[in-house]
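As a plain string of letters, each chain reads:
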Amino acid sequence: IDGATAFLPFYSAATAHLLQMSQAEASKYILCSTTDYAYPNLADGKADIIFCLGPSDDQVSYAEQKGVSFEYAPILSEAFVFFVNKDNPVDSVTTEQLRGIYSGKITNWKELGGNDEPILAYQRSEGSGSQTGLYKFVIPKDEVIPSRLAAVIPTMAGIIDVVASYDNSAGGLGYSYLYFVKNQHYDDNIKLLNIEGIAPTTEAISGGTYPMINTVYAVFRSSEPDGSDVRRIAAWCAGSTAKGIAQELGYVAYETQEDAK
């Protein structure tokens, strides 16, 4: 079992439940190599099932080179969020404004009603779930302005830290996923931005009103035979018991339209 950092609490608790042991005992069966490496690990057979957001194009291409294709069981719904330093007076942005920032067309916060201060638009590393989210929700990869090496932050925690404390500046802009920001690396020196006027809350995710909602999957190789343990685990993780575990931990369980009725 492998996966992204933001969803480790869920797949750790699920593993412990299925194996009927403590999470400490179950941890020896779990990797958390982050999205960057979990997909290659799945393609290489180093993991049997991973818990991640959808893959990047490069991760799919790597799997195809290995003769591997993936199947996806939707498990959780997550908000892709943007955040600034708490001292930044800007509270809300539009998707079009974010596209302008990451294409290099908007470079100063005063263009968004903020202070006369350069926008320090940080990015994540290629292959991370957050960077793939930027390409999915805001701007295609080939339209993103080349970023200075120093502005590419390799970890989810790092991009929060740099926006929270960068030279006491209010100019930083970063992005991540709501659960990680709120529950795994909370910092009261940042604030989450509203997108299109809508705050990123669990209620807005559940109701489908927040504009940037991504799906977390249990991902496995398509070559898994019918009835295999991996397929049974993926199906269980989409079921009612696993949804209860997710909700207890503060996640939003994925719901189909039929579930919502």
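Because the structure is predicted, anything quoted here is derived from the model rather than measured. (Residues numbered from 1 in each chain as written. Predicted model: local features only at pLDDT ≥ 70, side-chain atom pairs only at ≥ 80, totals over all residues. Heavy atoms only, no water.)

Peer 1: Account for the layout of surface pockets, with residues named and values stated.
Peer 2: What the largest pocket holds in volume is close to 310 Å³. As for the largest pocket, its lining consists of 17 residues, of which Pro55, Ser56, Asp57, Thr132 and Tyr135 are closest to the centre. Listed by contribution, the elements that provide at least two residues to the lining of the largest pocket are helix 4 (57-65), helix 6 (129-137) and strand 11 (213-221). (1 Å grid on protein atoms, 1.4 Å probe; cavity = no way out; pocket = protein on both sides within 12 Å on 5 of 7 lines; lining within 4 Å. Points joined across faces, edges and corners; volume = space filled by probe spheres on them. Helix = DSSP H or I, 4+ residues; strand = E, 2+ residues; numbered from the N terminus.)

Peer 1: Explain helix 11 (residues 240-249) to me, and be specific about the residues and the numbers.
Peer 2: Three or more residues of helix 11 are buried, namely Ala242, Lys243, Ile245 and Ala246. Each buried residue of helix 11 sits inside an arc of 160° when the element is viewed along its axis, so together they form one side. The exposed residues of helix 11 that point more than 90 degrees off its buried face are Ser240 and Glu248. A positive phi of about 100° marks Gly250, the residue just after helix 11. (Buried < 20%, exposed > 50% of the residue type's maximum accessible area, 1.4 Å probe, protein only. Arc of directions from axis to C-beta.)

Peer 1: Which residues make up the pattern of salt bridges, and what are the values?
Peer 2: Throughout the structure, instances matching the rule amount to ten salt bridges. Across the pair Asp58 and Lys141 runs a salt bridge, and its minimum N-O distance is 3.5 Å. Of this pair, Asp58 sits in helix 4 while Lys141 is found in the loop between helix 6 and strand 7 (152-153), placing the two residues 83 residues apart along the sequence. Across the pair Asp116 and Lys110 runs a salt bridge whose closest N-O atoms are separated by 4.0 Å. This pair shows no difference in class: Asp116 is exposed, exactly as Lys110 is. Salt bridges linked by common partners bring Asp58, Glu126 and Lys141 together as one network. (Salt bridge = Lys/Arg side-chain N within 4 Å of Asp/Glu carboxyl O.)

Peer 1: Account for the side chain of Glu78, naming residues and giving values.
Peer 2: Within the secondary structure layout, Glu78 lies in strand 3 (residues 70-85). Among the polar contacts made by the side chain of Glu78, one reaches the main-chain amide nitrogen of Tyr179 at a distance of 2.8 Å. Residues contacting Glu78, with those up to four places away along its chain left out, are Phe7, Tyr177, Leu178, Tyr179, Phe180, Ile205, Met212, Ile213, Asn214 and Val216. (Polar contact = N/O pair within 3.5 Å; in protein donor to acceptor, adjacent residues only side chain to side chain. Contact = heavy atoms within 4.5 Å.)

Peer 1: How would you sum up the packing of helix 1 (residues 8-19) against helix 11? Please name residues and give values.
Peer 2: At a closest axis distance of 10 Å, the pairing of helix 1 and helix 11 adopts a crossing angle of 135°. Classified by the interaxial angle, the pair formed by helix 1 and helix 11 is oblique. In this structure, the crossing between helix 1 and helix 11 has a hand that is right-handed. Taking contact as the criterion, the partners of Pro9, Phe10, Ala13 and His17 in helix 1 are, on helix 11, Thr241, Ala242, Ile245, Ala246 and Leu249. Partitioned by chemical class, the residues of the contact of helix 1 with helix 11 number seven nonpolar, two polar and no charged. (Axes fitted to C-alpha atoms, helices over the stretch in contact; angles between N-to-C directions. Parallel < 35°, antiparallel > 145°, perpendicular 65-115°, else oblique. Left-handed = near helix turned anticlockwise from the far one by under 90°. Nonpolar A, V, L, I, M, F, W, Y, C, P; charged D, E, K, R; others polar.)

Peer 1: So, the packing of helix 1 against helix 10 (residues 229-237): which residues are in play, and what are the values?
Peer 2: Remark: helix 1 packs on helix 10, axes separated minimally by 12 Å, with the N-to-C direction vectors making an angle of 115°. Pair helix 1 / helix 10 crosses with right-handed handedness. Here helix 1 contributes Phe10, Ala14, His17 and Leu18 to the contact with helix 10, which in turn contributes Ile233, Trp236 and Cys237. A class-by-class count of the residues in the contact of helix 1 with helix 10 yields six nonpolar, one polar and no charged.

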